[in-house]
Amino acid sequence: MRLKRRMIASLIAASVAASVAAPTAVWAQSVNATVRGDGPPNATVTAFNVATGTTRRTQVNADGHYALVGLPPGTYQIDAGPGTGRTLTLSVASTTSLNFPKNGASKTPSTANATELGAVQVSAINLPEVKTSEVGTTITQQQIQSLPQASRNFLEFADIVPGMQFSVAGTSKNTSLQGGAQSPNGVNVYIDGISQKSYVMGGGIAGQNASQGNPFPQLAIGEYKVITSNYKAEYDQVTSAAVTSVTKSGTNEFHGEVFSRYTSDKFRARTPAENAKNKKTTSQEKEYGVAVGGPIIKDKMHFFFTYEGKRFNSPTAVTPPDTTATAVQYLPADVQAQFGPANNPFQENLYFGKIDWEPTDRDRFELTARVRKEHTNSGIGNGTAASAGVNQINDDKRYALKWAHSADAWYNEMTVSHQSTFFQPTPLNLGNGAIYTYGDANNAQIIDTGPASPLAAQNKGQKGWTFKDDLTLNDLEWAGNHVVKMGVTYRDLTLTAADASDINPQYYYNVTSSGTDSLPYKAFFTKPVTGLGSLAPVVTTKDKQYGAYIQDDWDVTDKLQVNLGIRWDYEDNPSYTGFVTPPNVVAALQGTNPYAVGTPYEGETYAQALARGGINVNDYISNGHQRSNKKNEWQPRLGFSYDMFGDEAHVFHGGWGRSYDRNLYNYLQLETTKSALPQFTVYFQNPNNGQCLNNGTPCYAWDPSYASLAGLQALVQAGNGGEVDLLNNNLKVPYSDQASLGMSNKIGDWQTDVTFTRVQYHNGFAFILGNRYPNGDFFQNHSQPWGDGVPGFGSLILGTNGIETRNNEILVSAQKPYTKQSGWGATFAYTMTNAHQNRSVTEHYSFDYATIQDYPFVTSNAAPKHRIVATGTFSGPWGIVLGAKLTLATPTPLNSNACYFPNAQFPNGVTFDNGSYCHTVAIKPQGQGRFLVGGKIWGYRDVDFQATKNFNVGHGVTMYARFDLINVFNWKNLVDTQTNLTGGPGNEAAVYNTSGNIQYYPRTVKFEIGARF
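Residues numbered from 1 in each chain as written. Predicted model: local features only at pLDDT ≥ 70, side-chain atom pairs only at ≥ 80, totals over all residues. Heavy atoms only, no water.

Concerning the pairing of strand E46 (residues 880-889)
Look at any regular strand and the pattern is simple: side chains alternate between the two faces of the sheet. Note the following rule: Exposure is judged per residue with a 1.4 Å probe applied to protein chains only, and the accessible area is read against the type maximum: over 50% gives exposed, under 20% gives buried, and values in between give partly exposed. Strands are runs of DSSP state E lasting at least 2 residues, helices are runs of H or I lasting at least 4, and numbering of each runs from the N terminus. The criterion for strand pairing is that DSSP finds at least two bridges linking the strands in question.
Burial analysis of E46 places seven of its ten residues in the buried class, which makes it a mostly covered element. Sheet topology places strand E45 (residues 866-875) next to E46; nine bridges connect them, and they run antiparallel. Each residue of the ladder has a partner; that of Phe874, found in E46, is Leu882. The hairpin turn running from E45 into E46, its antiparallel successor, is four residues long, and Trp878 in that turn takes a positive phi close to 60°. Where E46 and strand E51 (residues 940-954) come together, ten bridges link them in antiparallel fashion. Residue Thr887 lies in a different strand from E51, and its bridge partner there is Asp942.

Here it is, written out as structure tokens:
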């Protein structure tokens, strides 16, 4: 379809590729790009943004070198004097080389990507960034608009980057983004240069913990860059991947866009769980949004506003864990009826607005606001019935004011921002919960029926101010040319955490082959404690964070660039450093050990038993002065790129760096909140034998009064707590060391890259079980000392560091940009992962071994060994734009605690070196299917497709209709597994539960209509 000239002009502001692929109301963008190169000595280099009128200038130095920094990504006319003009599209967080003849004569630029701006033909060249040590890929606006998409989460397109995985849980539809073999916690996203890090909850990005929602409206995203390793020193609080995104701005013309997207159960296939029940659950997804922007004062001030909404009702399946699937038949009929299809309703509203003002060609101000509000029913699925669901409220509000000032030889950007992010789940119902478990020895859960646990009622969040200033010096010479960037960051935050509420006791019922016991064998509940100073169930802390860095991009020669940087971070968290262990806990730890009565250790203290087991309680007892903040977070970032022939066609690159993250406050707050609102577990006698299951303590005879929270609370002593959580006085900060070596090559129209990376993650946080038998053992008679908790309290849970990951990856990528002349574009990404870890990336509670150091390193469950993602965009007939995506991955290993209790095959069980019947193993499930050739080697297969038809209705308005066909072949990407231990230790096997939950979607059609003007 032929576009109007003024529409083309606005499209160029984002990228020429997007303008020729499909009509779109794309806007100007913000966040920095740099243009460096050679030119006539002492000439003035001028960059003019064709959409907004932004102008930047610098001077070529006496040696004929220049650097233009602080350019908002977009399309620029750049010249070094009359007759030297180029028109260039700059991408986010990139450094582009552009050389002008030093004698001032201009070569005729290629018009391969030419388009018309009014009556002037310009050559809008999109030069890729290849002279960099960073391992990364840019996601363009053309890809965002042309590739199929399931979620409208803009981060979904990071999935096409080698080493990255964007996941959509098939049950909850929660989304997550992870890099390498680390958890999503290691990711950080920067929007317009501002970190979106979550300091309290997991997920890496504030507001993304257990959420179906989008962190930012996709209509407001221009493009973004994904850096998987060797990021420069300006990036903080990240150990896996850094994502730096730019938002759209208004231009000198009014533009707008609206869309509406819809699907329901009528347009999707059944899930495996629905097939097993022969009934499809009602589901529906509605997404809609609007964006509008334009000039307030032409060439000076612009506005942009967008809104996006989601209304989901997603199907899920309530299934038993694979270890207890055979026990479902022994449950009461009303409990069995709670298995099967269920729904997860979800609602989100996203708002974003921006005003930019350039009073001079040296100054730019940006004022932005973003509001995110969402709520959903969560927690329903594997092992959890709908009656135990949780109403999850998730709110995020952010405001920022930025001032950028440019001069010929320097550029400064100062930002002041405010954030308020809160995660506030509450149980859907109030009352007594019922949990059914199977097996006298293992007590494995079959199903949790509501109401949900008191732990489901939480209030966690972060609120406060950030000041950030970055200064770039772009005219430094010494043994080459330097662009030096330095900056400081200060955050003054209030962190809040409430880990539970005084509601909903949970009763546990034992299930055997004879049926379900009528009386509970155990109860879990809370009881507030008073008289312990300032302890309270809700804890807040004034968290102060400081950061500083300097980095030098040094052009040693025309071929060699060296990147030198160093970063330092510091955090002051008085909730941790100033914590005082309650005196009654200290007295119990240092008092006589009641469990030693009748043993050779009678009369010794509880602390002595712990010491025999390798635990020094003085490492965990604090009077408010034993702890200090870490001041040694120095992070060198080193790299190089070598352009073999000086034409950027064949470039070697590599680097090494260290990057610190932080310990989540969600972990640190527990020693305070659990002391104020302790959690108790009591056991009840079996009326047939008068004993408590597994000799659990404290043990009581059942009384009907215990069927209430008040009755249970009367059992425990006021002033004493249940579980005791203590943190190590010398907690370390998680970090990763990253090294890479690779080569990028320009082969015809294709840009290719092959890189080897090694990332080692250290000091991951873990909770371990501190209980010990009187002789210090962690296992006796194959059992852990669960009954030997802190005297007068419950179990001793110790927070420490020690989770590690070692990951080697080979990253292969190939990109052929879309052009109008060829009519197509494509990307290919292959990742080979060889990763090992000593604890699952999804689990920080580590109770299977005495210490985290005792855990063996096994193959990681964070990533498959082989993963392929390929995409293509095509100009189809009748003006239709087509897009497709293929994803293939081998099965991701399980990290499981395989237990060999005595049975017919193993009459004496199997005892491992730690004295347990269980050991940690990695089990690779059998492949689910084939693709084109070969056997059933793939654990995940997906093909997605989209088609968009545009209709020019005149007056600058374009209507469009689009459909996305997700999971074209309806491949069932199962995630629930069943393990088979009959092969014995070392030969454990696993198969997928064919009626269990899936990842991503069943085959689904999503319809979208919209308009752009």
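Structural notes on the pairing of strand E13 (residues 175-179)
Along E13, four of the five residues are buried, which leaves the element largely enclosed by surrounding structure. Bridge count for strand E12 (residues 164-168) against E13 is five bridges, and the pairing is antiparallel. Residue pairing in the sheet places Met164 in a bridge with Gly179 of E13. The turn linking E12 back onto E13 is made up of six residues, and Lys173 within it adopts a positive phi angle of 65°.

A word on the state of the cysteines
Counted only if it meets this: Note on disulfides: each one is a pair of cysteine sulfur atoms within 2.5 Å.
Within this structure, the stated rule accounts for two disulfides. Covalently, Cys692 is tied to Cys699 through a disulfide, its sulfur atoms 1.8 Å apart. A torsion of 90° about the S-S bond marks the disulfide between Cys692 and Cys699 as right-handed. The class of Cys692 is buried, set by a relative accessible area of 6%. Accessibility expressed as a relative area gives 31% for Cys699, which makes it partly exposed. Two residues share a disulfide in this structure: Cys899 and Cys918, whose sulfurs sit 2.0 Å from each other. Around the S-S axis, the bridge from Cys899 to Cys918 shows a dihedral of about 110° and counts as right-handed. Here Cys899, found in strand E47 (residues 894-899), pairs with Cys918, found in strand E48 (residues 918-923); they are 19 residues apart in sequence, far enough to count as distant. Its relative accessible area of 17% is what places Cys899 among the buried residues. For the chain, the bonded cysteines connect in the pattern 1-2, 3-4 when numbered consecutively along the sequence.

That is the geometry; function is a separate question.
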